[in-house]
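Descriptive analysis of the structure
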Amino acid sequence: MLFRSAIGPGPYIHEQYLQGEGSTLKKNPDYIDAKNIWFNRYLVKVMTDAATRNAALKTSQVDWIDSAGLTPADVKTMEGPTVKVYENISASTTNMSWNMTNPKFKDYRLRLAMSKAFDRQVYIDQTLQANGKWTGIVPVDFGKMALTQDEVKAHNVMKYDPAEAKKLFEAAGGKSGMTVEYYYNSNGTTDSVQMQLISKQWEQNLGIKTTLKTEDYSIFLPKMYLGAKGPGGGYAEMFTTTYGIPNWHEHLFAPYLPGGNRNGSTFEDAEVTKALDDLKQTLDDNAAFEKARKIQATLYEKHLPMFQRPTALSYGGYNTKLRNFPQPGNYPPGMEWSYSAWKGK
């Protein structure tokens, strides 16, 4: 969001805002790394119609359509001599979370059963138009800091197996007709559609009856992030958690440490807390990555306060005349935000 005025030490200074038209930003000569900021001015234009945006890029009226500006269908028609299309890098996850203080979901086997009763490939094919990727606790686009898609798929948590799921469900005391109250994200329309699909799979495979609910996003957001320790006290049973975090390690700290600012499930485990505290003190990258992978395996194999849904592929495009213009995905894989979207390399 661009406001009418902005104050900060970043690479650009906000010059002008026009309602419904956009904003103008000029290079900040006092920025600490100004010599590596190659563009003197950014003109941010508002174009709400996708066809108009695409035509403007193809005819060089604009230089860049930003993250998620192009659909998979657009990719086939946009790529050409004047346009370079790229897949966006994602630092986001969409999770299905349990209230871990609720005795109803105390048994790990029940939570594992619900994860294994969910067919993620069908989810990709039917709700993401067959354009999605599997992702884990740390999004796969963080590279060596994360599990690969193949490693995510190989985890028992992620394997669709209705027969095994039913055995686990019954062993945990689950019975056909069990009810679940689930709050989905009211910001947009996709979560409602996706949860309808998942609810049908749960009913078909486990006999679970899911009641889908939502609230105004201003109410939903703090409950989703902070759970019982936030305003409103969180949700009693299950809910969607969606967040984008540009630092790979915060995908572990924020949702899984007591008091973390994404710990809506109110998860707490002494062993995991100790391992995460140790990770915080680990300065060697390779050692940190290895510890992080082990923590992710522990969370999947012993705890599972939430599990991840596949994420949609999204695309942007820019004019090939631009030199020193990086592929401006959301965040570079494996890097903290470093203004790389403003710099050439």
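Our subject is the structure that appears above.
Throughout what follows, the structure given in this document is the object of discussion. (Residues numbered from 1 in each chain as written. Predicted model: local features only at pLDDT ≥ 70, side-chain atom pairs only at ≥ 80, totals over all residues. Heavy atoms only, no water.)

1. As for the overall build of the chain
Applicable threshold: Numbering of helices and strands runs from the N terminus; a helix is a DSSP stretch of H or I covering at least four residues, while a strand is a stretch of E covering at least two. Each radius of gyration is computed over the set of C-alpha atoms, and the globule rule expresses the reference value as 2.2 Å times the number of residues to the power 0.38. Accessibility here uses a 1.4 Å probe with only protein chains present; expressed as a share of the type maximum, an area under 20% marks a residue as buried, one over 50% as exposed, and anything in between as partly exposed. Throughout, a contact is declared for two residues whenever any of their heavy atoms are within 4.5 Å. Only the protein chains shown count as covering a residue, and every accessible area follows the Shrake-Rupley method with a 1.4 Å probe. The sign given to each residue is positive for Lys and Arg and negative for Asp and Glu; His and the chain ends receive no count. By convention, charge coordinates are those of NZ in Lys, CZ in Arg, CG in Asp, or CD in Glu.
In terms of regular secondary structure, the chain is built from 11 helices and 13 strands. A compact globule built from 345 residues should have a C-alpha radius of gyration of about 20 Å, and the chain, at 22 Å, falls within 12% of that. If one aligns the C-alpha atoms of the chain with their principal axes, the spans along those axes are about 65 × 45 × 40 Å. Looking at the chain as a whole, 48% of its 345 residues are labelled buried. Look at the contacts in the chain between residues 6 or more apart in sequence, and 68% of them connect residues 24 or more apart. On the chain, roughly 17,100 Å² of surface is accessible, and the fraction owed to carbon and sulfur atoms is 51%. Where the 40 positive side-chain charges of the chain centre and where its 36 negative ones centre are 1 Å apart.

2. Focus: the side chain of Asp269
Let me state the cut-off plainly: Basic side-chain nitrogens of Lys or Arg form a salt bridge, by our definition, when they fall within 4 Å of a carboxyl oxygen of Asp or Glu. Polar contact criterion, stated in full: a pair of N or O atoms within 3.5 Å, where within protein one must be able to donate a hydrogen and the other to accept it, and residues adjacent in sequence count only if both atoms are side-chain atoms.
Mapping Asp269 onto the fold places it in the loop between helix H9 (250-256) and helix H10 (270-280). Although buried, Asp269 forms no salt bridge, and the nearest oppositely charged side chain, Lys302, lies 7.4 Å from it. Here the side chain of Asp269 touches Val272 through a polar contact of 3.0 Å, landing on its backbone nitrogen.

3. Some remarks on the pairing of strand E9 (residues 209-213)
The test is simple: For two strands to be treated as a pair, DSSP must find at least two bridges joining them. Look down the strands so they point away from you; if going from the first strand over the helix to the second traces a clockwise path, that crossover is right-handed.
Relative to E9, strand E8 (residues 179-183) is paired through five bridges, and the arrangement is parallel. Within the sheet, the bridge partner assigned to Glu181 lies in E9 and is Thr211. For the crossover that starts at E8, traverses helix H7 (residues 190-206) and ends in the parallel E9, the hand is right-handed.

4. Examining the sheet that holds E8
This is how it is decided: Axes here mean lines fitted to C-alpha atoms, for a helix over just the part in contact, with angles spanning 0 to 180 degrees between N-to-C directions.
Pairing in this open sheet of five strands is mixed, and the strands run E9-E8-E10-E6-E11 from one edge to the other. Where the open sheet ends on each side, the last strands, each with one partner, are E9 and strand E11 (306-309). In this sheet, adjacent strand axes meet at a mean angle of 30 degrees when their direction is disregarded. Sitting on the sheet, H7 is in contact with strand E6 (92-98), E8, E9, strand E10 (238-244) and E11, with an inclination near 170 degrees to E9.

5. Let's talk about unusual backbone geometry
At Ala130, a position not held by glycine, the phi torsion is positive, near 65 degrees. Its identity as a non-glycine residue notwithstanding, Thr266 has a phi of 55 degrees, on the positive side. Among the structural elements, Thr266 can be located in the loop between H9 and H10.

6. Observations concerning the nonpolar core
Spelled out, the test is: To form a nonpolar core, buried Ala, Val, Leu, Ile, Met, Phe, Trp, Tyr and Cys residues must be joined to one another through side-chain atoms within 4.5 Å.
Among the nonpolar cores identified, the biggest contains 67 residues, and Met114, Trp202, Trp248, Leu252, Leu276 and Leu279 are the most heavily contacted of them. Here the element with the most residues in this core is helix H11 (residues 285-303); it accounts for six residues. In this view, Leu276 contacts Leu252, Phe253, Tyr256, Leu257 and Ile295; residues no more than four positions away in its chain are not counted. Leu57, Val83, Leu313 and Tyr315 belong to the second-largest nonpolar core, a separate cluster that totals 10 residues.

7. Re the sheet that holds strand E2 (residues 22-27)
One open sheet accounts for three strands, arranged E1-E2-E3; its pairing is antiparallel. The open sheet has two free edges, formed respectively by strand E1 (12-18) and strand E3 (41-45), since each of these has just one partner strand. With strand direction ignored, the average angle separating the axes of adjacent strands in the sheet is 15 degrees. Note that E1 and E2 share six bridges and pair antiparallel. Along E2, the bridge assignment pairs Tyr17 with Ser23.

8. Let's talk about the environment of Ala56
Within the secondary structure layout, Ala56 lies in helix H1 (residues 50-58). Ala56 sits 26 residues away from Asp30 along the chain, and the two C-alpha atoms are 33 Å apart. When near neighbours in sequence (up to four residues on either side) are disregarded, Ala56 contacts Met47, Gln61 and Val62.

9. Here we look at helix H6 (residues 162-171)
Rules: This arc is taken over the directions from the axis of the helix to the C-beta atoms.
Along H6, the residues that are buried comprise Ala165, Leu168 and Phe169. With its buried residues spanning 100 degrees around the axis, H6 presents them on a single face. Within H6, the exposed residues directed more than 90 degrees away from the buried face are Ala163 and Lys167. On its buried side, H6 packs onto helix H3 (108-116) and H7. Of the residues one or two after H6, Gly173 is the one with positive phi, at around 90 degrees.

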